[in-house]
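For reference, the chains in residue letters:
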Amino acid sequence: MSAKRNFSQDRTFLIDTTRCTGCRSCQVACKQWNQMKAEETTFFNGEGYQNPPNLSENTLTAIKFRDYWKYGKNEFAFYKEMCMHCNDPACVSVCPVSAFIKTPEGPVIYDAKRCIGCRFCMVACPFGVPKYQWSKGLPLVVKCSGCYSRVKEGLIPACAKACPTAITYGSRQEMINEANRRLTAHPGKYMSRIYGLEEAGGTSVLYLSMLPFNELGFKKVTQRPLPSLTWAALRFVPAAFITMGGSLAFISWLTNRTERIRKEKELIEAEQASQKEDRP
Amino acid sequence: MTAMKRIVLEIKGYHLFLRILIALVGAGFCAAIGRFAFGLGATTNLNDTYPWGLWISFDVVTSVPLAAGAFVLGAIVHCFHIKKLEPLVRPAIVTGFLGYSLVCLGLLLDLGQPQRGWHVFAYPNLHSPMFEVALCVMSYTTVALLEFLSPVCEKFGFHLPLRLLRTLELPLIVLGAAIATLHQSTIGTFFLIAVDKLHNLWYVPILPLLFWISAVFTGMCIIIIEAVMVHRYLNQPDETELLATLTRIIPWFLGIYLALKVYALFFLSERPLFDRPVLTALFAIEMVAGIIIPFIMFLQKRIRTDGVLQLRAAGLVVMFGLVLNRFNVSMFGMIQKNQQIYYPSLVESVVTIGIIAAHILFFALIARYFPIFEHHPEGVDYTIPDRFRKIKKSLVSEKA
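Residues numbered from 1 in each chain as written. Chains lettered and ligands numbered in written order. Predicted model: local features only at pLDDT ≥ 70, side-chain atom pairs only at ≥ 80, totals over all residues.

**Student:** Please give an account of the overall build of chain A that cites residues and values.
**Tutor:** Helices and strands together make up the secondary structure of chain A, namely nine helices and nine strands. Computed over the C-alpha atoms, the radius of gyration of chain A is 29 Å, more than 25% above the 19 Å expected from 2.2 N^0.38 for a compact globule of 280 residues. Considering only C-alpha atoms, chain A reaches an extent of 120 × 45 × 45 Å along its principal axes. Counting the 280 residues in chain A, one finds 43% classified as buried. Partitioning the contacts of chain A with sequence separation of at least 6, the portion at a separation of at least 24 is 60%. (Helix = DSSP H or I, 4+ residues; strand = E, 2+ residues; numbered from the N terminus. Rg over C-alpha atoms; globule rule 2.2 N^0.38 Å. Buried ≥ 20, exposed ≤ 12 C-beta atoms within 10 Å, placed from the backbone. Contact = placed C-beta atoms within 7 Å.)

**Student:** I'd like to hear about the interface of chain A and chain B, residue by residue, with values.
**Tutor:** Across the boundary between the two partners, chain A contributes 55 residues, which contact 47 residues of chain B. Looking at the side of chain A that touches chain B, the elements that each hand over two or more residues are α2 (90–94), α3 (120–124), β6 (131–132), α8 (227–234) and α9 (237–278) of chain A. Residue contributions to the side of chain A that touches chain B peak at 15 residues, all from α9 of chain A. Per-class residue counts for the side of chain A that touches chain B are 35 nonpolar, 12 polar and eight charged. (Nonpolar A, V, L, I, M, F, W, Y, C, P; charged D, E, K, R; others polar.)

**Student:** Requested: an account of the sheet that holds strand β8 (residues 167–171) of chain A, with residues and values cited.
**Tutor:** Residues and elements named next belong to chain A. Taken in spatial order, the three strands of this open sheet run β8-β1-β9, and their pairing is mixed. The two strands at the open ends of the sheet, each matched to only one other strand, are β8 and β9 (205–208). Sheet twist, expressed as the average angle between the axes of neighbouring strands with direction ignored, equals 20°. Across four bridges, strand β1 (residues 11–16) lies against β9 in parallel orientation. Pairing of Phe13 across the sheet is with Val205, part of β9. Lying on the sheet, helix α6 (residues 172–185) is in contact with β1, β8 and β9; it crosses β8 at an angle near 135°. (Pairing = 2+ DSSP bridges. Axes fitted to C-alpha atoms, helices over the stretch in contact; angles between N-to-C directions.)

**Student:** An account of the domain arrangement of chain B is needed here, citing residue identities and associated values.
**Tutor:** Residues and elements named next belong to chain B. Structurally, chain B comprises domain 1 (16–45 + 344–370) and domain 2 (46–342). Look at where the C-alpha atoms of domain 1 and domain 2 centre, and you get two points 21 Å apart. Elements that contribute at least two residues to the side of domain 1 that touches domain 2 include exactly α2 (16–38) and α15 (346–369). In terms of residue count, α15 provides more of the side of domain 1 that touches domain 2 than any other element does, 11 residues in total. Of the residues that constitute the side of domain 1 that touches domain 2, the class distribution is 11 nonpolar, five polar and two charged. (Domains from an automatic or database assignment.)

**Student:** I'd like a description of helix α9 (residues 159–190) of chain B, backed by residues and values.
**Tutor:** Counted at 1.5 Å a residue, the expected span for α9 of chain B with its 32 residues is 46 Å, and the 43 Å between its end C-alpha atoms agrees. The axis of α9 of chain B is deflected most strongly, by about 50°, at Glu169 of chain B, and proline Pro171 of chain B appears within four residues downstream. (Expected span 1.5 Å × (residues − 1). Bend = angle between axes of the 7 residues up to and from the residue.)

**Student:** With reference to specific residues and values, describe the nonpolar core.
**Tutor:** Membership of the largest hydrophobic core comes to 198 residues, with the highest contact counts inside it found for Cys91, Cys121, Ala124 and Leu206 of chain A together with Phe217 of chain B. Ranked by the residues each element gives to this core, the list is headed by helix α10 (residues 207–233) of chain B, at 16 residues. Once residues within four sequence positions are removed from consideration, Cys121 of chain A is found in contact with Cys91, Val94, Cys95, Phe100, Pro130 and Val141 of chain A. (Core = buried A, V, L, I, M, F, W, Y, C linked by C-beta atoms within 7 Å.)

**Student:** Residues and numbers for the packing of α9 of chain A against α9 of chain B, please.
**Tutor:** The interhelical angle for the contact between α9 of chain A and α9 of chain B, taken along N-to-C directions, is 150°, at an axis separation of 9 Å. Judged by the inter-axis angle, α9 of chain A sits roughly antiparallel to α9 of chain B. The handedness of the crossing between α9 of chain A and α9 of chain B is right-handed. For the pair formed by α9 of chain A and α9 of chain B, the contact residues are Val237, Ala240, Phe241, Met244, Gly245, Leu248, Ala249 and Ser252 of chain A on the first element and Leu170, Val174, Leu175, Ala177, Ala178, Thr181 and Leu182 of chain B on the second. Residues of the contact of α9 of chain A with α9 of chain B, tallied by class, amount to 12 nonpolar, three polar and no charged. (Parallel < 35°, antiparallel > 145°, perpendicular 65-115°, else oblique. Left-handed = near helix turned anticlockwise from the far one by under 90°.)

**Student:** Outline unusual backbone geometry, listing residues and values.
**Tutor:** Residues and elements named next belong to chain A. Backbone torsion omega between Asn51 and Pro52 reads -5°, so that peptide bond is classified as cis. Tracing the backbone shows Pro52 in the loop between α1 (25–34) and β2 (62–70). Positive phi values are uncommon outside glycine, yet Arg24 reaches one of about 65°. Relative to the assigned elements, Arg24 resides in the loop between β1 and α1.

Now the structure itself:
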């Protein structure tokens, strides 16, 4: 999409995973604010203490746990999985009924009243964020709204509000500056990279980490805004329609004309022949 | 005798194969009701990892090119004026119309909120490939219905609409071909957004073009298969000679497809290509059995003109070059390393089998009750008529 707007003032999360203690108050706050059902889960059913195992129709954000060894000791690393609120979101571009909107404030929101349930957003999202209400007869998609209802009123999102240590919330430019400040102030503490700065064309959720991001469970994502990939093909649609329709119409006109002329000639010849026969 | 009794008697007269098909369609129908009663999660093996399964892979992504015969043959016969293929057009149109109707049905089953289908018109999103395909499939189904109405009107002797349809025939064929070009290719565009998900063997920027070309040659191969089946089981004349004309066009498209595919693989796709043995094997089967072998077969005159060998080559193209290709793109190639494997549930399979059975059944029934094999004599004029009075125009009346 040709969204050439300036994203520096978008409301953005800066999530410093080195400061995360894994308390999961963000998960709880998210459930409470969005009135989501609890999930019945079992401990150690997958990746250690992580619970619930994945985002789902009832869980819009989750803390991912990762065990690793450091100086012979078992250590934990965490990262908060949530909607990345891309600058140029794939879900917005692929939705056939415009159910996703990138708001001017930054959050990408979803209009459940429009959704037809085709699940293209789930296929398209490079971060695997939109989830589906598989338990329902007429299911819809669920996804973190960046607490748009709160942000609009000048509040900060529920998870950011509840987080005691790791989440900073503010304009994208401020958050990038803050991240860079931390990276330069403590070069040994962080991987010198901000995840989300370039991913999928830039997102409104930025992460800092001490482990390489792929080891922490982050997906490797292209730096190109995803909608540009489909648009590269889709923009030819009107031209293809006109070329195909026009050329076929022209060819049919041509072939029919040739046919008609051939028939007329035959007819004239036949007439002439019959006149010759009549003459004597 | 009541109408019901008459219908029952009529059905009792059907061949056993048709009655089995009716049972399969019935089973599919029940399964479809089950999907709405119990929800997608309970009846299918779809989940957040596999939002799209058999219904999208087969009923939409694969069925659409399988129904491409109508637009391809329509263009060949009416636009390029290869009139001797005329007898094949009507059955192809019936196949196309049935195919697209069933695609719509499959899509409605797969949607979470099918009752909101009209939202596509209310809240259009021009940047969405799905929007474009939805619009095209709906309009093409309408066009195919109009094309299909000709034999229906002939059957019931509706003369006025028939004249109108004859007038519209050529514009409809052109319109249909243009619309089909759009959505056949745009189904490929679907998967361009799945960057880093679809494996490099299939993720190429020209995927839409490849989808369109493969739809064209598949359309022709389907016509061959259909003509042979109709000859064998519905007592229609052997069309091997006519089909030989088609088999001369097919290798061109197969060749272009092969060249583009190789070019794309070398110059346009990311690396690594051959890191997953299973996917490499699937890719190799698709290319060798589905494209290269039939390409070589169709290049030989002996095979082109032999009824049985024609059928075999066409069958290879359809089975491996198309069906396997579409499944590779929409299902197998999307599976990530170490991911659980998706397989369709009972309900999903029964619905899809029901849809395939419905296609064959309705084709056989339409062939039974409507004049779709009527061979138009050469004298029928298909140019846009300059007067509305006559359906058939003899040369004399044209002169006068």
